[in-house]
Amino acid sequence: MQDKQDNNEIQVKLKPFMGMRPGVYLTILYSFILLIIIFFLFFSHGLKNPGSVLIVKTDPKNAAIRVDGVYKGLSGSRIFVPKGTHIIEAAMPGFESQSAQHTIGARIFASRFFPRKYEISFTLHSNDPVQAFADYASDFAQWTFAGEPTANWQVPMSLSEGAERLGRYANEGTNREEFEGILRAASRFASTRASLRDLVRAKILIDNNGNAPTPLSMVGSISDMLAFLSESNTSPYWLSNLFPSDSPVASQIENSDWYKNMNERISSAAIAVNPAVRGQVRYGGLTFIDINLGGSFRICDTFVPKSLFETFLNENEEWRAHHTNYAPDEITINPFENTNPDAVTGMTWYSAKAFCEWFTIRYLPAGLRARLPFSREWESAAWVMDGFSNPGWEWCEDAYTPNYFAAPKEAIEKVGSPERVLRGRPITGVGAIMASMPSDLSSPIISFRIAIDSL
């Protein structure tokens, strides 16, 4: 039986090739295949992509890195740079860009696994750290209008990012006072829990020159924050509104003596202001009422009519496109019906301002200027002027802030606001209401009136 199986086996014998025995040419073939594998694993990558890995370190961290003007990533990341001479640049908002020319070499063998590395360092400097910090605060202000973040999207920690990067300058010269002023101006926009976290973190970083706090410095920061809250009678109301009404934090604030005594403090500090109406005058076919509100100003007793605004557009055609730059329906605020069809509507804040400048030149005597009324002026006039009415909302001069904490005027101007105040006519039991909208948008129910004061 075994002999039968042996007879069924097939034996294959390789023939000599080019005079070489099979054992010889098979060894050569296997060696060639092995050389090809070694070439592709250890040499081909270096020959095809000669270059090195560049790691750029910057102070502050996370600067943008450009190679020959092309963005490649953030500092600290691994960036492949081809062999040759290149301009390496580090840039960050608020800081002077730094660049240097470097010659980058290459490694041929095993560069796929063990690339050659270069490390370069830059120290960035800010020529105007106060303005740079104000720019971060402006970005913080814009993000607060986006509302509370959710699981699907987050907002950047703009203010504390600026504090971390620029905190090293906080105690140089007069910077400390100006940095604190910008923090106060930014606090006027802290209308969400996320923005409150950002504000608190920024304060702590500024107090520590951009570094992590020590226990002692934390005590000082907390003391400053408590002193800030004590300056405003409405601080309890502001804090409680930052949290959901059913949250334990809101409940604790509202049940505290601090909150319960808030209305009493406001009432005891309130001083009744009764604006006095002292007469009227007419300019450009409009009637202006002279009002004394801690200082004299005149405000038009009605909205700007369509006919007068059309005259302005005919003489300034470049503003006609702004007259219909309506906001999307979903952000149009319209609790009213247009009860004054003669009122011009649909202009942006910028075109309303341009109209005031035109009105000043065309109709007012020297020494007077037309402008939009400030929110406080508008509200006072609404209560004392008979027949005060409007088609819904009216632009005011003020930049809009959700909160009204005290802050230096210069800091408020540096931080700015992405939106302007809109005032709505008084509602019984509610009072004159307020809203806001970006300056370059409008709505069919937004109008405006003119105020006049001395230059």
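Residues numbered from 1 in each chain as written. Predicted model: local features only at pLDDT ≥ 70, side-chain atom pairs only at ≥ 80, totals over all residues. Heavy atoms only, no water.

## Notes on the overall build of the protein chain
Looking only at helices and strands, the protein chain features 16 helices and 16 strands. A total of 455 residues make up the protein chain; the buried ones form 42% of that total. Here the contacts in the protein chain between residues at least 6 apart in sequence split such that 67% fall between residues at least 24 apart. Counting every atom, the protein chain has about 25,000 Å² of accessible surface; 54% of that belongs to carbon and sulfur. (Helix = DSSP H or I, 4+ residues; strand = E, 2+ residues; numbered from the N terminus. Buried < 20%, exposed > 50% of the residue type's maximum accessible area, 1.4 Å probe, protein only. Contact = heavy atoms within 4.5 Å. Areas by Shrake-Rupley, 256 points an atom, 1.4 Å probe, with all protein chains shown as cover.)

## Details of the sheet that holds strand 1 (residues 51–59)
Taken in spatial order, the three strands line up as 4-1-7 in an open sheet, and their pairing is mixed. Strand pairing shows two members of the sheet lacking a second neighbour, strand 4 (78–82) and strand 7 (117–123), which therefore form its edges. Taking each pair of neighbouring strands and ignoring which way they run, the sheet shows an average axis angle of 35 degrees. (Pairing = 2+ DSSP bridges. Axes fitted to C-alpha atoms, helices over the stretch in contact; angles between N-to-C directions.)

## A closer look at helix 13 (residues 306–315)
The set of residues buried in helix 13 consists of Leu308, Phe309, Phe312 and Leu313. End-on view of helix 13: buried residues confined to an arc of 145 degrees, all on one side of the axis. For helix 13, the elements touching its buried residues are strand 9 (286–292) and helix 14 (349–363). (Arc of directions from axis to C-beta.)

## Quick notes on a negative patch on the surface
On the surface, Asp128, Asp135, Glu177, Glu178, Glu410 and Glu413 cluster together to form a negatively charged patch. Mapped by element, the contributors of at least two residues to the negative patch are helix 6 (175–187) and helix 16 (409–415). Position of glutamate 177 among the secondary structure elements: in helix 6. Judged by relative accessible area, which is 66%, glutamate 177 ranks as exposed. (Patch = residues over 30% accessible without salt bridge, like charges linked within 9 Å, V, L, I, M, F, W, Y side chains within 5 Å. Salt bridge = Lys/Arg side-chain N within 4 Å of Asp/Glu carboxyl O. Lys, Arg positive; Asp, Glu negative; His and termini not counted. Charge placed at Lys NZ, Arg CZ, Asp CG, Glu CD.)

## Considering the nonpolar core
Counting 50 residues, the largest nonpolar core has Ile88, Phe133, Leu159, Leu166, Ile182 and Trp238 as the members making the most contacts within it. When residues of this core are assigned to their parent elements, the largest contribution, eight residues, is made by helix 4 (residues 129–144). Setting aside anything within four residues of it in sequence, one finds leucine 159 in contact with Phe133, Tyr136, Ala137, Phe140, Leu183, Ala186, Asp198, Leu199 and Ala202. Residues Val304, Phe309, Phe312 and Trp395 belong to the second largest nonpolar core, which totals 34 residues. (Core = buried A, V, L, I, M, F, W, Y, C linked by side-chain atoms within 4.5 Å.)

## What to know about the sheet that holds strand 2 (residues 64–67)
In a beta sheet, neighbouring strands pair by backbone hydrogen bonds and run either parallel or antiparallel. Spatially, 3-2-5-6 is the arrangement adopted by the four strands of the open sheet, whose pairing is antiparallel. The sheet is open, and its two edges are formed by strand 3 (70–74) and strand 6 (98–104), each paired on a single side. Direction aside, neighbouring strands of the sheet carry axes that sit 30 degrees apart on average. With four bridges joining them, strand 2 and strand 5 (residues 84–91) adopt antiparallel strand pairing. Looking at strand 5, one finds that alanine 64 is bridged to alanine 91.

## Focus: the packing of aromatic side chains
Here the structure, examined in full by the defined rule, presents 18 aromatic pairs. Relative to phenylalanine 189, the ring of phenylalanine 145 has its centre 6.2 Å away and its plane inclined at 55 degrees; by these criteria the two rings are tilted. Taken together, the positions of phenylalanine 145 in the loop between helix 4 and helix 5 (158–166) and phenylalanine 189 in the loop between helix 6 and helix 7 (193–207) put the pair 44 residues apart, joining distant regions of the chain. Phenylalanine 145 sits in the partly exposed class, given a relative accessible area of 27%. (Phe/Tyr/Trp six-rings, centres within 6.5 Å; stacked < 30°, edge-to-face > 60°.)

## Section: the pairing of strand 9
Moving residue by residue along a regular strand, the side chains alternate between the two faces of the sheet. Among the seven residues of strand 9, six are classified as buried, and the element is accordingly described as predominantly covered. Where strand 9 and strand 10 (residues 296–300) come together, five bridges link them in antiparallel fashion. Bridge pairing in strand 10 links asparagine 292 to serine 296.

## Examining unusual backbone geometry
Cis peptide bonds are those with omega within 30 degrees of zero, and the linkage from aspartate 59 to proline 60 qualifies with 5 degrees. Among the structural elements, proline 60 can be located in the loop between strand 1 and strand 2. Phi is positive for aspartate 68, which is not a glycine, with a value near 55 degrees. Positionally, aspartate 68 belongs in the loop between strand 2 and strand 3.

## Brief notes about the side chain of serine 240
Among the secondary structure elements, serine 240 is positioned in helix 9 (residues 235–241). The exposure class assigned to serine 240 is buried, which follows from its relative accessible area of 3%. With residues up to four places along the chain from it excluded, the contact list for serine 240 reads Ala250, Ile253, Glu254 and Tyr259.

## Focus on the confidence of the model for the protein chain
Atomic detail in the predicted coordinates should be set aside for any region of low pLDDT. The share of residues in the protein chain with pLDDT of 70 or more is 87%, and the mean pLDDT across the chain is 84. In the predicted structure, residues 269–273 sits below a pLDDT of 50 and forms three contacts with residues beyond four places in sequence or in another chain. Here residues 329–336 scores under 50 on pLDDT; set against residues more than four positions off or in separate chains, the count is 18 contacts. (pLDDT = per-residue confidence, 0-100.)

## Focus: the packing of helix 7 against helix 8 (residues 215–231)
Where helix 7 meets helix 8, the closest approach of the two axes is 10 Å, and the angle between their N-to-C directions is 130 degrees. One element, helix 7, and the other, helix 8, form an angle in the oblique class. As helix 7 runs across helix 8, the sense of the crossing is right-handed. The segment helix 7 lies against helix 8, with Val200, Lys203, Ile204 and Asp207 engaging Met218, Ser221, Asp224 and Met225. Across the contact of helix 7 with helix 8, the residue classes tally to four nonpolar, one polar and three charged. (Parallel < 35°, antiparallel > 145°, perpendicular 65-115°, else oblique. Left-handed = near helix turned anticlockwise from the far one by under 90°. Nonpolar A, V, L, I, M, F, W, Y, C, P; charged D, E, K, R; others polar.)

## Considering helix 7
The terminal C-alpha atoms of helix 7, which comprises 15 residues, lie 21 Å apart, in line with the 21 Å expected from a rise of 1.5 Å per residue. Judged by how many residues are buried, helix 7 sits mostly within the fold: eleven of 15 residues are covered. For helix 7, every residue scored as buried is listed here: Ala194, Ser195, Leu196, Asp198, Leu199, Ala202, Lys203, Ile204, Leu205, Ile206 and Asp207. If you follow the buried residues of helix 7, they end up packed against helix 4, helix 5, helix 6, helix 8 and helix 9. (Expected span 1.5 Å × (residues − 1).)

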